[in-house]
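Geometric and topological summary
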Amino acid sequence: MMHYSDSHIDDEHKAHFKTLHTIRLPKAQWTLMGMIIFAMVACGIFVYVVPWVQTASGTGQVIALNPQDRVQNVTAFVSGRIEQWYVTDGQQVKEGDPIVLLADNDPNLLERLAAEKAQVQAQISAAQSAMAIAQLDVSRSETLFREGLGSRRDYEQSRIRVAEMQARLSEARASLNQIEVNLSRQSVQTVRAPRDGVIQRISGGAKATLVSQGQVVATFAPTEAKRVVEVYIDGRDVALIEPGNPVKLQFEGWPAIQFSGWPSIAKGLFDGKVQSVDLASSANGLFRVIVEEDASVEGWPKEPFVRLGANARGWVLLKEVPVYYELWRQLNDFPLQTPDQIEGSSRNSGASGNSSGSSSGSSTSSGSN
């Protein structure tokens, strides 16, 4: 029986299938293969060479930096009933413009207070005259006592009368101060606007509605407030944020195209910078970052396009890293950290381990000695 080698058998079979020699891969497949290889090489070079800006993102809203510029409640200074409203919802007012007129429940209160004031003033005048006479009696009693013509008892009683007159005079002056305070309170029955702004909402009722002292009668929003944005950042990322870091902001209602890693090609975003970072977390478990307007670039939209309380989203720009490192970090769900920081922490941990090992070795050798 003859045995043929594999190559001889293959050649013999190929001789029977002549079309097999003519089969070639199509040019389209060669082109596609070349494109895939080129794309893989280009992607490798891209992720290794191109930088990526790490960002810490968060959402928040526009607020006023100065507490006096924030929405505030206008309260009644005295108890009474509403006599007249001077404003309506949404009306603009100037500083000192009247908002509401209050009237006391007792229409004769001012007259009675004026009468009480006149009576107390008369008591003060009488007490001052009696005080002057009592002081003269003390002087005479002291002179007679020193000359031996008067008794000590008379001298001491004259001094007691002077002390009583002083107490009455002080009491009358305290009553006068209280009456003047009441008159001063009644004189501010007209509630006025604390500064330029807008009456957002009237909280009081109609005419003759009773209000108590300190009750909110209207809500007032100042104009021309210095605006900042409070952005809430996750605690894993807030450790790298420092005052002065640049921030990209997107305001509610403004269309924008955001490229987190390449802020230079983003559109529709506004620039800011970190002013401060809260030391403690807020009630939602996130840390508040205050972002102010960057005066060196284009400013934020003016009111009414971006109002106080408008929602905003911010991206705090941090250090640059290669794209491959950012992909590796996000795939592993690691916090924001640069390769330099990782190497530094590794060196520090290694140095601490060596120092602890050397200290334990020295203690062992000393123990053996």
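What you are looking at is a predicted structure, and each value in this text was computed from that prediction instead of being measured. (Residues numbered from 1 in each chain as written. Predicted model: local features only at pLDDT ≥ 70, side-chain atom pairs only at ≥ 80, totals over all residues. Heavy atoms only, no water.)

1. Overview of the overall build of the protein
Counting its regular elements, the protein contains 6 helices and 14 strands. Out of the 369 residues in the protein, the part that is buried amounts to 27%. When contacts within the protein are restricted to residue pairs at least 6 apart in sequence, long-range pairs at least 24 apart make up 76% of them. Carbon and sulfur atoms form 55% of the exposed surface of the protein, whose accessible area is close to 23,800 Å². (Helix = DSSP H or I, 4+ residues; strand = E, 2+ residues; numbered from the N terminus. Buried < 20%, exposed > 50% of the residue type's maximum accessible area, 1.4 Å probe, protein only. Contact = heavy atoms within 4.5 Å. Areas by Shrake-Rupley, 256 points an atom, 1.4 Å probe, with all protein chains shown as cover.)

2. Remarks on a negative patch on the surface
Taken together, the side chains of Glu95, Asp196, Glu224 and Glu303 make up a negatively charged region of the molecular surface. Topologically, aspartate 196 is positioned in the loop between strand 6 (190–192) and strand 7 (197–202). Accessibility expressed as a relative area gives 34% for aspartate 196, which makes it partly exposed. (Patch = residues over 30% accessible without salt bridge, like charges linked within 9 Å, V, L, I, M, F, W, Y side chains within 5 Å. Salt bridge = Lys/Arg side-chain N within 4 Å of Asp/Glu carboxyl O. Lys, Arg positive; Asp, Glu negative; His and termini not counted. Charge placed at Lys NZ, Arg CZ, Asp CG, Glu CD.)

3. With respect to the confidence of the model for the protein
Taken over all residues, the pLDDT of the protein has a mean of 76, while the share at 70 or more is 69%. By mean pLDDT, helix 6 (residues 339–368) is the weakest element of the protein at 50, and strand 13 (residues 287–293) is the strongest at 94. (pLDDT = per-residue confidence, 0-100.)

4. Structural notes on the sheet that holds strand 5 (residues 98–103)
Pairing is antiparallel in the open sheet, where 4 strands are placed in the order 6-5-3-8. Looking at strand neighbours, the two that pair on one side only are strand 6 and strand 8 (210–211), the edges of this open sheet. Both strand 5 and strand 6 contribute to a ladder of 3 bridges, which runs antiparallel. Bridged to valine 100 within strand 6 is valine 191. (Pairing = 2+ DSSP bridges.)

5. A closer look at the pairing of strand 12 (residues 270–277)
Bridge count for strand 11 (residues 246–251) against strand 12 is 4 bridges, and the pairing is antiparallel. Counted as the bridge partner of valine 247 is glycine 272 from strand 12.

6. Focus on the packing of aromatic side chains
Taken as a whole and judged by the stated rule, the model has 8 aromatic pairs. Relative to tryptophan 328, the ring of tyrosine 325 has its centre 5.6 Å away and its plane inclined at 40°; by these criteria the two rings are tilted. In this pair, tyrosine 325 and tryptophan 328 are both assigned in helix 5 (residues 323–331), 3 residues apart and thus about one turn of the helix distant. Tryptophan 328 gets classed as partly exposed once you look at its relative accessible area, which sits at 40%. Among the aromatic residues, ring-to-ring pairing joins Phe251, Trp254, Phe270 and Trp300 into one connected group. (Phe/Tyr/Trp six-rings, centres within 6.5 Å; stacked < 30°, edge-to-face > 60°.)

7. Concerning the pairing of strand 5
Bridge count between strand 3 (residues 80–85) and strand 5: 4 bridges; the pairing is antiparallel. Opposite arginine 81, over in strand 5, you have alanine 103 as the bridge partner.

8. As for the pattern of salt bridges
Here the structure, examined in full by the defined rule, presents 6 salt bridges. The network of salt bridges with common partners includes Glu230, Asp278 and Arg288.

9. Notes on a nonpolar patch on the surface
Taken together, the side chains of Trp30, Met33, Ile37, Val41, Ile45, Tyr48, Val49 and Tyr324 define a hydrophobic patch exposed on the protein surface, amounting to about 880 Å² of accessible area. Among the elements that make up the nonpolar patch, the one with the highest residue count is helix 2 (residues 27–49) (7 residues). Within the secondary structure layout, valine 49 lies in helix 2.

10. Focus on the sheet that holds strand 10 (residues 227–233)
Strand order in the closed barrel formed by 6 strands is 1-10-13-12-11-14, and the pairing between neighbours is antiparallel. Going from strand to strand, the sheet's axes swing by 45° on average, the running direction of each strand aside. Strands strand 1 (51–64) and strand 14 (311–322) of the sheet are contacted by helix 5, whose axis makes an angle of about 120° with strand 14. (Axes fitted to C-alpha atoms, helices over the stretch in contact; angles between N-to-C directions.)

11. Concerning the packing of helix 2 against helix 5
One can describe the packing of helix 2 onto helix 5 by two numbers: an axis separation of 5 Å at closest approach and a directional angle of 85°. Taken together, the axes of helix 2 and helix 5 are roughly perpendicular relative to one another. Between helix 2 and helix 5, the residues in contact are Phe46, Val47 and Tyr48 and Val323, Tyr324 and Leu327, respectively. Taken together, the residues of the contact of helix 2 with helix 5 sort by class into 6 nonpolar, no polar and no charged. (Parallel < 35°, antiparallel > 145°, perpendicular 65-115°, else oblique. Nonpolar A, V, L, I, M, F, W, Y, C, P; charged D, E, K, R; others polar.)

12. With respect to the nonpolar core
Core analysis: the biggest nonpolar cluster contains 22 residues, and Val229, Ile241 and Phe251 have the highest contact counts within it. Among the elements of the structure, strand 1, strand 10, strand 11, strand 12, strand 13 and strand 14 are those that each provide at least two residues to this core. Beyond its immediate sequence surroundings of up to four residues, phenylalanine 251 is in contact with Val62, Val229, Phe270, Trp300, Pro301, Val306, Asn311 and Ala312. Within the second largest apolar cluster, 15 residues are counted, among which are Val74, Ile82, Val93 and Ala193. (Core = buried A, V, L, I, M, F, W, Y, C linked by side-chain atoms within 4.5 Å.)

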